[in-house]
Amino acid sequence: MSLNEAPMTALTDAQCRSLRALAALMIPADPATSMPAADDDAIFADILASLGRDASQVVAALDALDALAGGRFGDLAPAAQAAAAARLQAAGGPMVLALTRAVAQSYYRDDRVMRAIGLEPRPPFPQGHALEPNDWSLLDPVRARGPIWREA
Amino acid sequence: MVDTVDVLIIGAGAAGGAIAWSLADTRMRIVCLEQGDWMKPSDYPSNGRDWEARQLAEFHYNPNRRARDTDYPINEDDTPIKIANFNGVGGGTILYAGHYPRFHPSDFRVRSLDGVADDWPIDYVTLAPFYAENDRMTGVSGLAGDPAYPPKEPVMPPLPLGRSGTTLATGLNRMGWHWWPSDSAIASTEYEGRAGCINLGHCTGGCAQGAKASSDITYWPAAIRAGVELRTRCRVREITVNAEGMASGVVYYDADGVERFQAAEVVILACNGIGTPRILLNSVSGRFPNGLANSSGQVGRNLMFHPYAQIYGYFDAPQDGHRGPGNCIWSQEFYETDQSRGFVRGYTFEFTRGQGPVQAAITGMMTGRIPWGAGHHAAYRKLFGHRTGMVAICEDLPEEHNTVTLDPVLTDGNGIPAPKVTYRLSENSRRMLDHAVARGTEVLRAAGAHDVGHEAPLAVGGWHLMGTARMGTDPERSVVNEWGRSHDVKNLFVVDGSVFVTSAGVNPTCTIQALALYVADSMKRRLATLFE
Ligand SMILES: Cc1cc2nc3c(=O)[nH]c(=O)nc-3n(C[C@H](O)[C@H](O)[C@H](O)COP(=O)(O)OP(=O)(O)OC[C@H]3O[C@@H](n4cnc5c(N)ncnc54)[C@H](O)[C@@H]3O)c2cc1C
């Protein structure tokens, strides 16, 4: 057996509906700050396309959600969905981590979201970032104390 | 390829690069076999908008999650601390943060000073010239005059304090504790053709700017210019021996999975604290039934990690967030033994900056600070860019029951048995972690944090791999002698973190590379009598 064969798992239509409903519950829209919800068309398409190494845990989470909800999560009424999602979140663990990663990594790189949280929508390279000037006088008390290393 | 080479190095990481470069001036025929690829800076995550996502995938620290075909799997079911590495030219330095502290004089003499573990067979003074040479080759930024060290001269000015460093330094001054700008293997200015740091904030995904000194851009180009041959996608299965019990070469798989043999006069292992014992244990013969160089039974034992505590706080004022190198300042206030603390030896605090927007969301949601649903956005805005903190690097003492063995079932893509790691956190480490969390919390509060959290031990933090082929003068208690040569096999050397006798409370790579230069120098001075 080798672990180097990472499984690829495609979601069924029903699982997509569930994941989309859950994404909207996790990160809803905030019109006051022009933030879309995580089930926004572009963001959700990115989530689905980027599941990668988390796909099997996300599917396991969706199955767990169905079991908690007593039916297909994506087809339930909003109140029942919210109750099941809260129970899943409270359980925590690797499935919830995978879900959180899957939703957050696509949501927080969307241009609209980046702008709304005060960032330029660009990669770090090649522009980099500027940092504030240094005040090395902060080291004065450390210097004043003298050497602390232990002779051996 | 069946020609006999003079020196065969296995592994092109931190140590492999350093020893290849140093031995090159002998004009011997030197070949290095590396299972991974050359990296391209234009492929590193920080070139793209998905930089945080790619760090969670093909640039993940953990080989089992990363699962490139150049990786090998590791059974880590029986350790609370999971392995972090990278397999390719540069090895772990591709992903390392570039914290580059030296050991202290006391770190080589823990038995004499504190009555624990063993003294090293060498001392700080012996290594000092090799530390200095390595600093020049690597390009170390820092500030001379650190009161926690004997005098040393970094070759470039320190990395910026930024908002996070200023906040934390203010807290440290309020506590009256030591701190100093960290020695970093990151060029703060242009250095030897490498560009200076531009604060990309993503050192641990590989440095697209080329400011971080991974060995693929420091030692390896120089070694290759000097005539060393580096073959990538060559995975070594075992070291073979001849009738005299000397290493005769290695069996490896090439890029097409074809089994090959390379004969060599000298074999040098540089595969890190897990990869090296794995090869030795897999090199079984009639003469060496328990693995090569293992008459002491110490191969694969005494694995040390450095248990990490991560302590972080949220502040009202904005901090650096994802801007700037993770490295900033350190404190060695609690480095040396003080028995009244309830543990022996000590730790370094290394202060970090903050998180990118995705990581801020993930940790916020997973720690319950950022809710699902209504309230998500308000909580996120309050926390994003407002976090900073530190890690504590605790000295891990060697214990024989912490091991690397061969997994009976799991194999890599070439069918070579995978390593299995078995590790228990010691009571001494637990107490040290608790102390670090308590002191870290104090300093964050003194700096003005209104909300403090921690994780100890840090589960993902198995990035320092040491002790599994320890150095010593007694062949019954150590694997290699005081200059890296196997006690059992006189033409076999080990130069990676496996040879560490103790771990100190600092990151190991500066010492790994200085040791590799020292072993090379020892070999060169004994060339005529190398196998005696
Ligand atoms: C995320 C991260 C952050 C880190 N941060 C720091 C830091 O700030 N400071 C610090 O000092 N250290 C840090 N480290 C640790 C640092 O990377 C290692 O200490 C260092 O790289 C070890 O050097 P090495 O030469 O012993 O092994 P490595 O650099 O791991 O190199 C070993 C090489 O051997 C190759 N190899 C293994 N087995 C075989 C085989 N069978 N056949 C062929 N090739 C093989 C591997 O592919 C690899 O390239 C960090 C590591 C990680 C992963």
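Located above this text is the structure these notes cover.
Residues numbered from 1 in each chain as written. Chains lettered and ligands numbered in written order. Predicted model: local features only at pLDDT ≥ 70, side-chain atom pairs only at ≥ 80, totals over all residues. Heavy atoms only, no water.

Time to look at the overall build of chain A. For chain A, the helix and strand inventory stands at seven helices and zero strands. Listing each helix as α and each strand as β along chain A from the N terminus yields α-α-α-α-α-α-α. In terms of overall dimensions, chain A is more spread out than a globule: its C-alpha atoms have a radius of gyration of 22 Å, far above the 15 Å expected for 152 residues. Projecting the C-alpha coordinates of chain A onto the three principal axes gives extents of approximately 70 × 45 × 30 Å. Relative to its full complement of 152 residues, chain A shows a buried share of 44%. A separation of at least 24 residues holds for 64% of the contacts in chain A among residues at least 6 apart in sequence. A total accessible area of about 7,300 Å² is found for chain A, and carbon and sulfur atoms account for 57% of it. Here chain A carries 13 positive and 18 negative side-chain charges, and the mean point of each set is 5 Å from the other. (Helix = DSSP H or I, 4+ residues; strand = E, 2+ residues; numbered from the N terminus. Rg over C-alpha atoms; globule rule 2.2 N^0.38 Å. Buried < 20%, exposed > 50% of the residue type's maximum accessible area, 1.4 Å probe, protein only. Contact = heavy atoms within 4.5 Å. Areas by Shrake-Rupley, 256 points an atom, 1.4 Å probe, with all protein chains shown as cover. Lys, Arg positive; Asp, Glu negative; His and termini not counted. Charge placed at Lys NZ, Arg CZ, Asp CG, Glu CD.)

Facing 81 residues of chain B, the contacting portion of chain A comprises 61 residues. Together chain B and chain A conceal approximately 6,100 Å² of surface at their shared face, both sides included; 63% is due to carbon and sulfur atoms. Looking at the side of chain B facing chain A, the largest losses of area belong to R49, W372 and H377 of chain B, adding up to 16% of the total buried there. Taken together, the links from chain B to chain A amount to seven salt bridges. Notably, a salt bridge pairs D54 of chain A with R65 of chain B, separated by 3.0 Å at the nearest N-O pair. Connecting chain B to chain A are 25 residue pairs in polar contact (both at pLDDT 80 or more). Mapped by element, the contributors of at least two residues to the side of chain B that touches chain A are α2 (51-55), α3 (63-66), α4 (110-114), α6 (162-175), β4 (180-181), α9 (357-366), α10 (376-383) and β13 (403-411) of chain B. Here the residues of the side of chain B that touches chain A are counted per class, giving 40 nonpolar, 22 polar and 19 charged. (Buried area = accessible area lost by both parts, 1.4 Å probe. Salt bridge = Lys/Arg side-chain N within 4 Å of Asp/Glu carboxyl O. Polar contact = N/O pair within 3.5 Å; in protein donor to acceptor, adjacent residues only side chain to side chain. Nonpolar A, V, L, I, M, F, W, Y, C, P; charged D, E, K, R; others polar.)

Take the site of the ligand next. Residue and element names in this part refer to chain B. Close to the ligand lie 37 residues; A15, E34, H99, V236 and T509 are nearest. Taking H99, its main chain carries an N or O atom lying 2.8 Å from a nitrogen atom of the ligand. For the ligand, whose unbound accessible area comes to 990 Å², protein coverage reaches 97%. For the shell around the ligand, the secondary-structure elements that each account for two or more residues are α1 (14-23), β6 (235-241), α8 (272-282) and α12 (509-525). (Near = heavy atom within 4 Å.)

Residues and elements named next belong to chain B. Here strand β1 (residues 5-10) pairs with strand β8 (residues 259-269) via five bridges, running parallel. Opposite I10, over in β8, you have L269 as the bridge partner. As defined by bridge partners, strand β7 (residues 247-253) adjoins β8 across five bridges and the pair is classed as antiparallel. If you follow V251 over to β8, its bridge partner there is F261. Taken together, β7 and the strand that follows it, β8, pair antiparallel across an intervening segment of five residues, in which G257 is found at a positive phi of about 80°. Relative to strand β16 (residues 492-494), β8 runs parallel, the two sharing three bridges. Within the sheet, the bridge partner assigned to L269 lies in β16 and is V494. (Pairing = 2+ DSSP bridges.)

Turning our attention to the sheet that holds strand β3 (residues 75-78) of chain B. In any sheet, the strands associate via hydrogen bonds between backbone groups, in a parallel or an antiparallel arrangement. Residue and element names in this part refer to chain B. With mixed pairing, the three strands of this open sheet are ordered in space as β3-β14-β13. Looking at the sheet topology across the chains shown, the edges are occupied by β3 and β13. Ignoring which end each strand starts from, the neighbouring axes of this sheet average 40° apart. Where β13 lies against strand β14 (residues 417-422), five bridges are found, and the strand directions are antiparallel. Following the sheet pairing, V404 is matched in β14 by V421. (Axes fitted to C-alpha atoms, helices over the stretch in contact; angles between N-to-C directions.)

Right, let's talk about the sheet that holds strand β12 (residues 387-394) of chain B for a bit. All names here are of chain B. Taken in spatial order, the six strands make up an open sheet running β4-β10-β11-β12-β9-β15, and their pairing is antiparallel. One side of each edge strand has no neighbouring strand; the edge strands of this open sheet are β4 and β15 (451-455). Here strand β10 (residues 329-331) pairs with strand β11 (residues 347-352) via two bridges, running antiparallel. Looking across to β11, one finds that W330 is bridged to E350. Lying over the sheet, α6 contacts β10, β11 and β12, oriented at roughly 20° with respect to β10.

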